[in-house]
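# Observations on chain architecture
Here is what each chain is made of, one letter per residue.
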Amino acid sequence: NAGVTQTPKFQVLKTGQSMTLQCAQDMNHEYMSWYRQDPGMGLRLIHYSVGAGITDQGEVPNGYNVSRSTTEDFPLRLLSAAPSQTSVYFCASSARTGEYSNQPQHFGDGTRLSIL
Amino acid sequence: AQTVTQSQPEMSVQEAETVTLSCTYDTSENNYYLFWYKQPPSRQMILVIRQEAYKQQNATENRFSVNFQKAAKSFSLKISDSQLGDTAMYFCAFMKPVGFGNEKLTFGTGTRLTIIP
């Protein structure tokens, strides 16, 4: 199984440019989410989705857009890149398995994004 | 809102020794999940161990075990017989129960662990 696949692995952008970080999972997971990882701050939730057509904001949503048109894909869009968005971005997915059980989140390998 | 605190930014230990990483959290929930994730230099996020709050027994996975103190809101990770491959950043994370919109992790700031040969 491929699991959670993120593309690209590395990207350099100029301030003001836009781009989309791709995330795909082949495990038929309902839940998908995007995190950013900055030095000394751990991972912080940007946006998440509980199923196709449903998205919501996390802790740090400003400057980012998401959509969930299919179960498999959850792209993250930077509308106008800013140096403060320089970070490592992780996509994660998980399945709901019951009322009081939970699967741990499966993570992609991350995208290192630099904004000049 | 939940918070997760890891008070040890860096730790180092000799190979084959035992090391304990600390984690405390704050929540008003009674039922939740706690995790330890490992992030080696390859940047992958690897699940090490998980604990359900409704279970009193501490979780164990081979050399990794936790000390879960629900009343104290403490969730420490013990690594026994440490190996060079254990060198990594370790994150403690909290998750609310399954439910609409609840599938999200709150992470601590991490502890960088170095195993010395």
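Residues numbered from 1 in each chain as written. Chains lettered and ligands numbered in written order. Predicted model: local features only at pLDDT ≥ 70, side-chain atom pairs only at ≥ 80, totals over all residues. Heavy atoms only, no water.

Each helix and strand in chain A was counted, giving zero helices and eleven strands. Computed over its C-alpha atoms, the radius of gyration of chain A comes to 14 Å, within 12% of the 13 Å expected for a compact globule of 116 residues. Expressed as lengths along the three principal axes of its C-alpha atoms, the size of chain A is roughly 45 × 30 × 25 Å. Evaluated residue by residue, chain A yields a buried proportion of 47% over its 116 residues. In chain A, once contacts between residues fewer than 6 apart in sequence are set aside, the share between residues at least 24 apart is 54%. Roughly 5300 Å² of accessible area belongs to chain A as shown, and the carbon and sulfur atoms make up 49% of that amount. (Helix = DSSP H or I, 4+ residues; strand = E, 2+ residues; numbered from the N terminus. Rg over C-alpha atoms; globule rule 2.2 N^0.38 Å. Buried < 20%, exposed > 50% of the residue type's maximum accessible area, 1.4 Å probe, protein only. Contact = heavy atoms within 4.5 Å. Areas by Shrake-Rupley, 256 points an atom, 1.4 Å probe, with all protein chains shown as cover.)

Okay, the nonpolar core next. Residue and element names in this part refer to chain B. Tyr-25, Trp-36, Phe-75, Leu-77 and Tyr-90 are the most contacted members of the largest nonpolar core, which has 25 residues in total. For this core, the secondary structure elements donating two or more residues are strand E3 (19–21), strand E5 (33–39), strand E6 (46–52), strand E8 (64–69), strand E9 (74–79), strand E10 (88–95) and strand E12 (111–116). Per-element tally for this core: the top contributor is E10, with four residues. Aside from chain neighbours lying at most four places away, what touches Phe-75 is Cys-23, Tyr-25, Leu-34, Phe-35, Trp-36, Gln-51, Val-66, Asn-67, Phe-68 and Cys-92. (Core = buried A, V, L, I, M, F, W, Y, C linked by side-chain atoms within 4.5 Å.)

Next up on the list: the pairing of strand E11 (residues 111–115) of chain A. Residue and element names in this part refer to chain A. Across the two faces of E11 the burial differs, with Thr-111, Leu-113 and Ile-115 buried and Arg-112 and Ser-114 not buried at all. Relative to E11, strand E2 (residues 10–13) runs parallel, the two sharing four bridges. The partner of Val-12 across the bridge, within E11, is Ser-114. (Pairing = 2+ DSSP bridges.)

Summed over the entire model, instances satisfying the criterion amount to six salt bridges over all chains. Salt bridges sharing common partners tie together Arg-36, Asp-38 and Arg-44 of chain A. (Salt bridge = Lys/Arg side-chain N within 4 Å of Asp/Glu carboxyl O.)

This paragraph deals with the state of the cysteines. For the structure shown, the criterion picks out two disulfides over all chains. Residue Cys-23 of chain A pairs covalently with Cys-91 of chain A via a disulfide, S to S 1.9 Å. Around the S-S axis, the bridge from Cys-23 of chain A to Cys-91 of chain A shows a dihedral of about -70° and counts as left-handed. Taken together, the residues span a long stretch of sequence, with Cys-23 of chain A in strand E3 (residues 19–25) and Cys-91 of chain A in strand E9 (residues 87–94) at a distance of 68 residues. Both residues of the pair, Cys-23 of chain A and Cys-91 of chain A, belong to the buried class. The partner cysteine of Cys-23 of chain B in its disulfide is Cys-92 of chain B, sulfur to sulfur 2.0 Å. Disulfide Cys-23 of chain B-Cys-92 of chain B: the torsion about the S-S bond is -70°, which places it as left-handed. Separated by 69 residues along the polypeptide, Cys-23 of chain B in the loop between E3 and strand E4 (24–26) and Cys-92 of chain B in strand E10 bring together distant segments of the chain. The exposure class assigned to Cys-23 of chain B is buried, which follows from its relative accessible area of 2%. (Disulfide = S-S within 2.5 Å.)

Okay, the packing of aromatic side chains next. Taken as a whole and assessed by the stated rule, the structure comprises 14 aromatic pairs over all chains. Relative to Phe-107 of chain A, the ring of Tyr-35 of chain A has its centre 6.0 Å away and its plane inclined at 40°; by these criteria the two rings are tilted. Within this pair, whereas Tyr-35 of chain A is found in strand E4 (residues 31–38), its partner Phe-107 of chain A is found in strand E10 (residues 106–107), the two being separated by 72 residues in sequence. Taking the relative accessible area as the measure of exposure, Phe-107 of chain A reaches 11% and is therefore buried. Here a set of aromatic residues connected by ring pairs shows up, and it is made of Tyr-35, Phe-90 and Phe-107 of chain A together with Phe-35, Tyr-37, Phe-91 and Phe-107 of chain B. Between Arg-68 of chain A and the ring centre of Phe-74 of chain A, over which it is positioned, the NZ or CZ distance is 6.0 Å. (Phe/Tyr/Trp six-rings, centres within 6.5 Å; stacked < 30°, edge-to-face > 60°. Lys NZ or Arg CZ within 6 Å of the ring centre and 35° of its normal.)

All right, on to unusual backbone geometry then. Here the bond from Thr-7 of chain A into Pro-8 of chain A is cis, since omega is -5°, no more than 30 degrees from zero. In this structure, Pro-8 of chain A sits in the loop between strand E1 (4–7) and E2.

Quick look at the environment of Leu-47 of chain B now. Here Leu-47 of chain B shows up in strand E6. For the pair Leu-47 of chain B and Tyr-90 of chain B, spaced 43 residues apart in sequence, the C-alpha to C-alpha distance is 9.8 Å. What Leu-47 of chain B contacts, discounting residues up to four positions off in sequence, is Pro-104 of chain A together with Phe-35, Trp-36 and Tyr-37 of chain B.

Interpretation note: all reported values are geometric properties and have no functional meaning in isolation.
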